[in-house]
Amino acid sequence: MAAAADVPFTPDLHLRLLLSIDRGHNVQRAVRAAVAPGARVLDAGTGSGLLAMIAAGAGAGHVVAVDRHHVTLARTVAAHNGLADRITFHEADLAALGPADLGGRFDVLIAMIHTNHPLIDEERSRLVLDLRHRFGTPDCVVIPGEVRYQATGCERLDWDLATELTDLDQAGEALRGAYGRDFGPLVDAVRHGVAMRGARPAKAVAHAWRSPTRSGALRFPRGDVRLLTAAHDWVSFDYQAATFPGFPDEVRLVATTAGRLTGVIWTQQLRYAGQPLWTSESYSPLATARLVDEGQEVTLLTGDRWRATNILSHHQPT
Ligand SMILES: C[S@@+](CC[C@H](N)C(=O)[O-])C[C@H]1O[C@@H](n2cnc3c(N)ncnc32)[C@H](O)[C@@H]1O
């Protein structure tokens, strides 16, 4: 099954994540509530090392922190804070670790490795559950404990997929006219990435500093979208469950107002003990925008095509 490209984390991204102060405070509260004195804690995808340091400060007996990137930096930060002997850092891919690699099982699994993007996080959820099975004690507490998705149909005003794709077709024609060559494969490669790139609220994730006081959520600015449906519960997943069922193959929406449905905003909420830790939005466009009337039900397909392209299509009744 095709999947969206992964998100390469950089020190800059970690710094901006740390500056989402209310996310940090929410997770800090969760870690302090979960870690009993002497507990063994695994911080999977430690990044900056913040959550490993919070666990150590909360009285964990031993903390193991794993990431595939920038572990030297996280280790240096921990040492800088006098915690060098309380946290063991490993540079490794979590998916490739065996139980013997980390020296036993853990009472608490911190796995804040979601990317705010359902197309990537479906696999991340499988990984978190797999980590709990491979490394958790029978009563292992997982942070986040639950992931919820809601779907809201909307008209996106700042972006029009059909226009962008038409522009790309015209670019291909222009290149043929200018050079007498067919650049179809190059244009197709660009076309493949167009809908993926539109998934995130660009203004919120632009590479610019943002105020530490800004809300711990990633949203599309409301001037850029007009919501046409209520937020429909789509799927929720508890990390104490035995297996992860994956996302359903369709989403059903009912318009609360008439408009031009261009796509769906997914709201992802990571939760612990009934409280939200972090809320984020992403967007999937419809292949073709559709006019809807108030009260009209629309079923959109979230199967393999959506997973591979981020593009939704209509359910065709048989
Ligand atoms: C969203 S960041 C969060 C960092 C930190 N947990 C926090 O909440 O501040 C996710 C981190 O998980 C790491 N990560 C994701 N998948 C991983 C994998 N398969 N193996 C190791 N690290 C992974 C990334 O490199 C990144 O540093």
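All values derive from a computational prediction rather than experimental measurement.

Criteria and cut-off values
- All chains use their own residue numbering, which begins from 1 and follows the written sequence.
- In keeping with the model being predicted, local features are shown solely for residues with a pLDDT of at least 70 and side-chain atom pairs are shown and tallied solely at 80 or more, while totals for entire chains, interfaces and linings include all residues.
- With C-beta atoms placed from the backbone, a residue is labelled by how many other C-beta atoms lie within 10 Å of its own: buried for 20 or more, exposed for 12 or fewer, partly exposed between the two.
- Helix and strand assignments come from DSSP, with helices taken as H or I runs of at least 4 residues and strands as E runs of at least 2, each series counted from the N terminus.
- Directions are taken from the helix axis to each C-beta atom, and the arc is the one they span.
- By the criterion used throughout, residues are in contact when their C-beta atoms, derived from the backbone, lie within 7 Å.
- Each residue gets a C-beta atom placed from its backbone. If that atom is within 6 Å of a molecule or strand, the residue is near it.
- Here the term charged refers only to Asp, Glu, Lys and Arg, the term nonpolar to Ala, Val, Leu, Ile, Met, Phe, Trp, Tyr, Cys and Pro, and the term polar to all other amino acids, Gly among them.
- One requirement defines pairing of two strands: DSSP has to find at least two bridges between them.
- Convention adopted: a line fitted to C-alpha atoms gives each axis, helices being fitted over their contacting stretch, and angles between N-to-C directions are expressed from 0 to 180 degrees.
- Any angle that falls under 35 degrees is termed roughly parallel, while one over 145 is termed roughly antiparallel, one within 65 to 115 roughly perpendicular, and all others oblique.
- Take the far helix as your reference; a near helix turned counterclockwise from it by less than a right angle gives a left-handed crossing, and one turned clockwise gives a right-handed crossing.
- The term nonpolar core means buried Ala, Val, Leu, Ile, Met, Phe, Trp, Tyr and Cys residues held together as one set by C-beta atoms within 7 Å.
- Residue ranges for the domains originate in an automatic or database domain assignment.

(A) Structural context of helix H4 (residues 71–80). Here H4 has its buried residues at Ala74, Arg75 and Ala78. Taken around the axis of H4, the buried residues stretch over an arc of 100°, which confines them to a single face. Exposed side of H4, more than 90 degrees from the buried face: Thr72 and His80 are the residues found there. On the buried face of H4, the contacting elements are helix H3 (50–57), strand S2 (62–67) and strand S3 (87–91). Residue Gly82 follows H4 closely and has a positive phi angle near 75°.

(B) Here's a closer look at the site of the ligand. Close contacts around the ligand come from 17 residues, with Gly45, Gly47, Arg68, Leu94 and Met112 the closest. For the shell around the ligand, a count of residues per class yields nine nonpolar, five polar and three charged.

(C) Examining the sheet that holds S3 more closely. As summarised here, the arrangement of the five strands in space is S3-S2-S1-S4-S5, forming an open sheet in which the pairing is parallel. Of all the strands in the sheet, just S3 and strand S5 (136–143) have a single pairing partner and so form its edges. Neighbour-to-neighbour, the strand axes of this sheet turn through a mean angle of 20°, independent of strand direction. Each of strand S1 (40–44), strand S4 (106–110) and S5 touches helix H5 (residues 118–135); the most contacted strand, S5, lies at about 150° to it.

(D) A look at the packing of helix H6 (residues 161–179) against helix H7 (residues 184–197). At a minimum axis separation of 10 Å, H6 and H7 run at an interaxial angle of 170°. The orientation of H6 with respect to H7, classified from their angle, is roughly antiparallel. Two secondary-structure elements touch here, H6 through Leu161, Glu164, Leu165, Leu168, Ala171 and Gly172 and H7 through Gly184, Val187, Val190, Arg191, Val194 and Ala195. Of the residues belonging to the contact of H6 with H7, the class tally is eight nonpolar, two polar and two charged.

(E) Fine view of the sheet that holds strand S10 (residues 250–254). Read across the open sheet, the three strands follow the order S10-S13-S14; overall the sheet is antiparallel. One side of each edge strand has no neighbouring strand; the edge strands of this open sheet are S10 and strand S14 (313–314). Pairing of S10 with strand S13 (residues 297–301), which is carried by five bridges, proceeds in the antiparallel orientation. Counted as the bridge partner of Glu250 is Leu301 from S13.

(F) The arrangement of the packing of helix H2 (residues 21–34) against H3 in detail. For the pair H2 and H3, interaxial distance at closest approach is 9 Å and the crossing angle is 40°. Overall, the two elements H2 and H3 adopt an arrangement that is oblique. Note that H2 runs across H3; the crossing there is right-handed. Taking contact as the criterion, the partners of Gly24, Val27, Gln28, Val31 and Arg32 in H2 are, on H3, Leu50, Leu51, Ile54 and Ala55.

(G) Molecular detail of the nonpolar core. Of all hydrophobic cores here, the largest spans 46 residues; its most connected members are Val31, Ala55, Leu109, Ile110 and Ala111. In terms of residues, this core owes the most to one element, H3, which gives seven residues. In this structure, this core is formed jointly by two domains, domain 1 (11–145) and domain 2 (148–314), each of which donates at least three residues. Once residues within four sequence positions are removed from consideration, Val31 is found in contact with Leu51, Ile54, Ala55, Ala58, Ile110 and Ile143. Leu228, Val264, Leu286 and Leu312 belong to the second largest nonpolar core, which has 25 residues in total.

(H) Quick look at the domain arrangement of the chain. Entries for the chain in the domain assignment read domain 1 (11–145) and domain 2 (148–314). Computed over C-alpha atoms, the centres of domain 1 and domain 2 are 29 Å apart. Each side of the interface is counted separately: domain 1 has 26 residues, and domain 2 has 27 residues. Of all the secondary-structure elements, those providing two or more residues to the side of domain 1 that touches domain 2 are H2, H5 and S5.

(I) Structural detail: the pairing of strand S6 (residues 146–156). In terms of burial, S6 is a largely internal element, eight of the eleven residues being buried. The sheet contact formed by S6 and strand S9 (residues 232–238) spans six bridges and is antiparallel. Residue pairing in the sheet places Tyr149 in a bridge with Val235 of S9. Both S6 and strand S11 (residues 259–272) contribute to a ladder of nine bridges, which runs antiparallel. When the sheet's bridge partners are listed, Glu146 is paired in S11 with Arg271. Pairing analysis gives three bridges linking S6 to strand S8 (residues 225–227), with the strands arranged antiparallel. Bridging from a neighbouring strand, Cys154 pairs with Leu227 of S8.

(J) Inspection of the environment of Ala258 at higher detail. Residue placement: Ala258 occurs in the loop between S10 and S11. Here the alpha-carbon distance between Ala258 and Thr229, two residues 29 residues apart in the chain, equals 9.3 Å. Once you skip the residues sitting within four places of it in the chain, Ala258 turns out to touch Val292, Asp293 and Glu294.

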